[in-house]
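Read off the chains here:
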Amino acid sequence: MKNFFTKRSLFSLLSAMLVLLSLTSCEVEPWNPYPPNQWTNNFYDSRLNGYWMLESINNVPVSRYDANYLFFNGSGRGVYYYYLNNHPYSETLAYWCQNSGMGVSRYQINIQYAGNGQASTMSYWFDGGYYLYMQWTNQSGRQTYIYRSYPRAPWY
């Protein structure tokens, strides 16, 4: 009986090792986007650095759970904080600024979100250093988001 138990244990051990060896590990590449090819003369606007809280959309104040927050680190990376079903979430973002003649601003920003890989391009400008305006046009018309400077990360 002891001999059978030992062979059985050895067989189990070898089987487990084969299973472990047959599993392949997929290395996930770090998310490291670059500006789109057509974007030349990119820069990081130091006035964006820090945290920003969405205060209104098209001059209509947003509620607590409709608010989102942006963090720009000054080097092209940041974090997008938002609520989904009243639960806080965050995702990494990348951004690039560029001089622009479009819209109401001399500047535009391209923000790319890690979660879905989509990018958004919009005009932006500041009011008194405490307010950040972002504006673009979509199928619903002109959208203007007004962010207020925020002292810290909204959660964590």
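Up top is the structure these notes are about.
This report concerns the structure included in the present document.

Criteria and cut-off values
- Residues numbered from 1 in each chain as written.
- Predicted model: local features only at pLDDT ≥ 70, side-chain atom pairs only at ≥ 80, totals over all residues.
- Heavy atoms only, no water.
- Phe/Tyr/Trp six-rings, centres within 6.5 Å; stacked < 30°, edge-to-face > 60°.
- Helix = DSSP H or I, 4+ residues; strand = E, 2+ residues; numbered from the N terminus.
- Buried < 20%, exposed > 50% of the residue type's maximum accessible area, 1.4 Å probe, protein only.
- Polar contact = N/O pair within 3.5 Å; in protein donor to acceptor, adjacent residues only side chain to side chain.

## Concerning the packing of aromatic side chains
Then comes step 1: This structure, assessed with the given rule, holds 18 aromatic pairs.
Then comes step 2: Centre to centre, the rings of Y51 and Y81 are 6.3 Å apart; their planes meet at 40°, and the pair counts as tilted. Of the two residues, Y51 sits in strand β1 (residues 50-57) while Y81 sits in strand β4 (residues 77-84), which places them 30 residues apart along the sequence.
Then comes step 3: Take Y81: its relative accessible area is 6%, and that puts it in the buried class.
Then comes step 4: For the pair Y65 and Y83, a centre-to-centre distance of 4.9 Å together with 85° between the ring planes defines the contact as edge-to-face. Within this pair, whereas Y65 is found in the loop between β2 (60-61) and β3 (68-72), its partner Y83 is found in strand β4, the two being separated by 18 residues in sequence.
Then comes step 5: Judged by its relative accessible area of 15%, Y83 falls in the buried class.
Then comes step 6: Clustering of aromatic rings is evident, with ring pairs tying together Y51, Y65, Y69, F71, Y81, Y83, Y150 and W155.

## Here's the deal with unusual backbone geometry
Then comes step 1: Of note, the phi angle at N59 is positive, near 65°, even though the residue is not glycine.
Then comes step 2: By secondary structure assignment, the location of N59 is in the loop between β1 and β2.
Then comes step 3: Judged by relative accessible area, N59 falls into the exposed class, the value being 66%.

## Some points on the side chain of S105
Then comes step 1: Within the secondary structure, S105 is located in the loop between β5 (87-99) and β6 (107-113).
Then comes step 2: The class of S105 is buried, set by a relative accessible area of 7%.
Then comes step 3: At a separation of 2.8 Å, a polar atom in the side chain of S105 contacts the main-chain amide nitrogen of Y107.
Then comes step 4: A distance of 2.4 Å separates a polar side-chain atom of S105 from the backbone oxygen of Y124.

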